[in-house]
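Geometric and topological summary
Letter by letter, the chains look like this.
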Amino acid sequence: MPAWNPAELVEIAADLATRVGDVIRRLRAEGVDVAATKSSVNDVVTAADREAERLLTAELRELRPDDGILGEEGADIAGTTGITWVVDPIDGTVNYLYGIPAYAVSVAATVSDGGPGTMEDGRRAIAGAVYLPATDELYTATAGGGARLNGQLLAGPQDTELATALLGTGFGYTVERRTEQTEVVRQLIPRVRDIRRIGSAAADLCFLAAGRLDAYYERGLNPWDYAAGALIARESGAVLLGRGTAGAAPAGTSMLIAAAPALAAAVQRELELAYSSAG
Ligand code: IPD
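Quick notes on the rules
- Residues numbered from 1 in each chain as written.
- Predicted model: local features only at pLDDT ≥ 70, side-chain atom pairs only at ≥ 80, totals over all residues.
- Heavy atoms only, no water.
- Near = heavy atom within 4 Å.
- Areas by Shrake-Rupley, 256 points an atom, 1.4 Å probe, with all protein chains shown as cover.
- Helix = DSSP H or I, 4+ residues; strand = E, 2+ residues; numbered from the N terminus.
- Nonpolar A, V, L, I, M, F, W, Y, C, P; charged D, E, K, R; others polar.
- Phe/Tyr/Trp six-rings, centres within 6.5 Å; stacked < 30°, edge-to-face > 60°.
- Lys NZ or Arg CZ within 6 Å of the ring centre and 35° of its normal.
- Buried < 20%, exposed > 50% of the residue type's maximum accessible area, 1.4 Å probe, protein only.
- Pairing = 2+ DSSP bridges.
- Axes fitted to C-alpha atoms, helices over the stretch in contact; angles between N-to-C directions.
- Parallel < 35°, antiparallel > 145°, perpendicular 65-115°, else oblique.
- Left-handed = near helix turned anticlockwise from the far one by under 90°.
- Contact = heavy atoms within 4.5 Å.
- Salt bridge = Lys/Arg side-chain N within 4 Å of Asp/Glu carboxyl O.

Some remarks on the site of the ligand
Taken together, 16 residues form the shell around the ligand, and within it Asp91, Gly92, Tyr173, Ala201 and Glu218 come nearest. Taken by itself the ligand offers 380 Å² of open surface, and the protein chains cover 96% of this. Sort the elements by how many residues they give to the shell around the ligand and strand E5 (residues 84-91) lands first, with 3 residues. A class-by-class count of the residues in the shell around the ligand yields 5 nonpolar, 5 polar and 6 charged.

Structure follows, in structure tokens:
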């Protein structure tokens, strides 16, 4: 029997995401500014990102001292239990900076046992929570236990045709990545109902689980962007795919596609075509 209990872990994830979410909402009301930039001038960090990750790390060290922690703002602690907490203190930092409500705290308990749902980074979440403080929405999931929004079980996305599908996607921060991504969007947009760029991958994956998007794809995400959201999407009934080329990796940084099964396969085919011509 594994030494972990997803029901207990999701309670911790939900409690931490909510409490840290309340802190970042309060900090935002007090005023927010760019504290630093990372991969490009558009890849910003606020003091709230740092304070939120400090809080998440301190609480996890207290509650689960032997687990590992990996966080967007630099937390990288090895553990001994087989569980690593993958956390994004604010996913959607640019939204946060501008006061757009789509920003989230993402907390996932992950393991690297090669079980179902293992992502490209070798981890799979067994429990996760994404909290959107501006709208007070708490998304949670446990492996095999379904996905919930504020406690209500989610039915997941509809399996629609590509032509009537509302797609979510996102853009990376470097010019090269964005140039490739806009070329792919240029090719996709005439073939689908419409495209949304919500600005938080965690929110995109949760919105998919809630049926607010039919499909979501993005290239270049980091594990903290998708760890909890991918579990929530999957547990709602979505499938997660990577690139469709032979020998391609599972869903993760090189490509993450999430949708109901037939639509996910259709999106994967379209992306393969678009990416091969976008170079
Ligand atoms: C970003 C958001 C965005 C996605 C980017 C991510 P951050 O995360 O999830 O929607 O398009 O790829 O880097 O920087 O706001 O934590």
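So, next bit.
Description of the packing of aromatic side chains
Inspection of every chain in the model, using the stated rule, returns 1 aromatic pair. In this structure, Arg212 packs its charged tip against the face of Phe207, placed 4.9 Å from the ring centre.

A word on the pairing of strand E8 (residues 137-142)
Most of E8 is tucked away: 6 of the 6 residues are buried. Burial of E8 is two-sided: the residues Glu137, Tyr139 and Ala141 facing one way and the residues Leu138, Thr140 and Thr142 facing the other way are all buried. Summarising the sheet, strand E7 (residues 124-132) and E8 pair through 6 bridges and their orientation is antiparallel. Its bridge partner being in E8, Ala129 is matched across the sheet by Thr140. Between E7 and E8, which pair antiparallel one after the other, the connecting turn spans 4 residues, and Asp136 there sits at a positive phi close to 55 degrees. Pairing analysis gives 4 bridges linking E8 to strand E9 (residues 146-149), with the strands arranged antiparallel.

Notes on the packing of helix H1 (residues 6-30) against helix H2 (residues 47-63)
Here H1 crosses H2 at 150 degrees, and the two axes come no closer than 10 Å. Classified by the interaxial angle, the pair formed by H1 and H2 is roughly antiparallel. For H1 against H2, the interelement crossing comes out right-handed. Contact residues: H1 offers Ile12, Leu16, Arg19, Val20, Val23, Ile24 and Leu27, while H2 offers Ala48, Glu51, Ala52, Leu55, Leu56, Glu59, Leu60 and Leu63. Tallied by class, the residues present in the contact of H1 with H2 amount to 12 nonpolar, no polar and 3 charged.

Here's the deal with the sheet that holds strand E4 (residues 76-77)
Pairing between the strands of a sheet comes from backbone hydrogen bonds, and it takes one of two forms, parallel or antiparallel. Across the sheet, which stays open at both edges, the 8 strands sit in the order E4-E3-E5-E6-E7-E8-E9-E10 with mixed pairing between neighbours. Each end of this open sheet is capped by a strand with a single partner; those strands are E4 and strand E10 (152-153). Where strand E3 (residues 68-71) meets E4, 2 bridges bridge the pair, whose relative direction is antiparallel. Residue pairing for E4: Leu70 is matched across the bridge by Asp76. Against the sheet, H2 touches E3, E4, E5 and strand E6 (104-111), its axis set at about 155 degrees to E5. Across the sheet, helix H6 (residues 223-236) is in contact with E3, E5, E6, E7, E8 and E9; its angle to E7 comes to roughly 100 degrees.

Regarding unusual backbone geometry
The backbone of Asp136 shows a phi angle near 55 degrees, a positive value even though the residue is not glycine. Residue placement: Asp136 occurs in the loop between E7 and E8. With relative accessibility at 46%, the residue Asp136 sits in the partly exposed group. Of note in the backbone geometry, Asn150 takes a positive phi value of approximately 45 degrees without being a glycine. One can find Asn150 in the loop between E9 and E10.

Re the pattern of salt bridges
Taken as a whole and judged by the stated rule, the model has 16 salt bridges. Between Arg19 and Asp15 there is a salt bridge whose closest N-O contact spans 3.1 Å. Of this pair, Arg19 and Asp15 both sit in helix H1, separated by 4 residues, roughly a single helical turn. By relative accessible area, Arg19 is classed as partly exposed at 35%. Among the ionic pairs, Arg196 bridges to Asp194, the shortest N-O distance being 3.4 Å. Judged by relative accessible area, Arg196 falls into the partly exposed class, the value being 37%. The network of salt bridges with common partners includes Glu8, Arg64 and Asp67.

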